Amino acid sequence: MGVHVRPASLQDGVAVLDLLEDVGYYPEPVSFAHTFRKTINDPNFLVRVAEESGRIVGVATLSLRYQLGIGGLLACLDELAVAPDAPKSALRRLLRATVGRARALGAVRVVKKANQNTPPPRAAQLRSRGGSATAGATVPHGA
C-alpha cells in the first residue's frame with residue numbers, strides 16, 4: 001500500500017504525541033490536546049501525518065507567517081518525527097508533501113531545521129530523574 005501523507009485530524013492526536021515523545025518532546029497531555037486541536041484548525045499552521053496501512057508513522061508541523069525582509073510568506077518546519085520502523089520513504093514523502101503544501105500556499109522561503117534549539121519543557125526534568133530523552137533531530141541535508 002505504501003506511505004500516504006495527509007493533513008492531521010483530531011483522531012491522530014495520540015499517535016502524534018507518541019511520535020513527538022520519541023524525539024524528546026514531553027508535553028503535558030492536556031496542554032498537548034488543547035494545542036493540537038487549535039493547531040490543526042489554524043490556517044497559519046500545517047500538521048501533516050504519514051500513514052502506512054492505517055498506522056501513523058510520521059508527523060511534520062510547519063508554521064506560516066509573513067516576513068518583511070523576504071517580502072512574503074515564510075514557512076518554518078517546527079517539528080518532525082518518524083517512527084524508527086517506518087518505511088524509508090516515509091521521511092522523504094512527509095517532507096515533500098509538507099514543504100510542497102507550504103509552497104502551494106505561497107511560501108517564498110522554507111526553513112527546514114526541525115526540532116532545533118527548542119528544548120522540550122519536560123525533557124530536562126525526565127533526564128534529571130534518570131529517564132532518557134533525545135532532542136535535536138534534524139532534517140537530513142538536502143531534504
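Model, not experiment: these values are computed from the prediction.

Let's shift gears to the confidence of the model for the chain. Here the chain shows a mean pLDDT of 84. Residues at 70 or above account for 79%. Within the chain, helix α4 (residues 123-128) has the poorest average pLDDT of any element, 53, and strand β2 (residues 45-52) the best, 96. Of the regions scoring below 50 in pLDDT, residues 131-143 engages in 25 contacts with residues more than four places distant in sequence or in other chains.

This brings us to the pairing of strand β5 (residues 107-111). In this sheet, β5 lies alongside strand β4 (residues 72-82) in parallel orientation, the contact comprising four bridges. Following the sheet pairing, C76 is matched in β5 by V111. Between the parallel elements β4 and β5, the chain passes through helix α3 (residues 89-104) in a crossover that is right-handed.

We now examine unusual backbone geometry. Unlike most non-glycine residues, S53 shows phi in positive territory, near 50°. Along the chain, S53 falls in the loop between β2 and β3 (55-67). In this structure S53 comes out as exposed when scored by relative accessible area, which is 57%.

The next point concerns the pattern of salt bridges. All told, the structure shown has three salt bridges when counted by the stated rule. The partner of R6 in a salt bridge is D12, and the shortest N-O contact between them spans 2.8 Å. R6 sits in the buried class, given a relative accessible area of 18%. The salt bridge involving R55 is made with D85; its shortest N-O contact spans 2.8 Å. Residue R55 is found in strand β3, and its partner D85 is found in the loop between β4 and α3; the two are separated by 30 residues along the sequence. Take R55: its relative accessible area is 37%, and that puts it in the partly exposed class. Salt bridges here are not isolated pairs; linked through shared partners, they connect R6, D12 and E51.

Another aspect to go through is the side chain of R6. Relative to the helices and strands, R6 resides in strand β1 (residues 3-7). A distance of 2.8 Å separates a polar atom in the side chain of R6 from a polar atom in the side chain of D12. There is a polar contact of 3.1 Å between the side chain of R6 and the side chain of E51. Among residues more than four places away in sequence, those in contact with R6 are D12, V47, R48, V49, E51 and I56.

Rules used throughout
- Residues numbered from 1 in each chain as written.
- Predicted model: local features only at pLDDT ≥ 70, side-chain atom pairs only at ≥ 80, totals over all residues.
- Heavy atoms only, no water.
- pLDDT = per-residue confidence, 0-100.
- Helix = DSSP H or I, 4+ residues; strand = E, 2+ residues; numbered from the N terminus.
- Contact = heavy atoms within 4.5 Å.
- Pairing = 2+ DSSP bridges.
- Right-handed = clockwise from strand over helix to strand, strands pointing away.
- Buried < 20%, exposed > 50% of the residue type's maximum accessible area, 1.4 Å probe, protein only.
- Salt bridge = Lys/Arg side-chain N within 4 Å of Asp/Glu carboxyl O.
- Polar contact = N/O pair within 3.5 Å; in protein donor to acceptor, adjacent residues only side chain to side chain.

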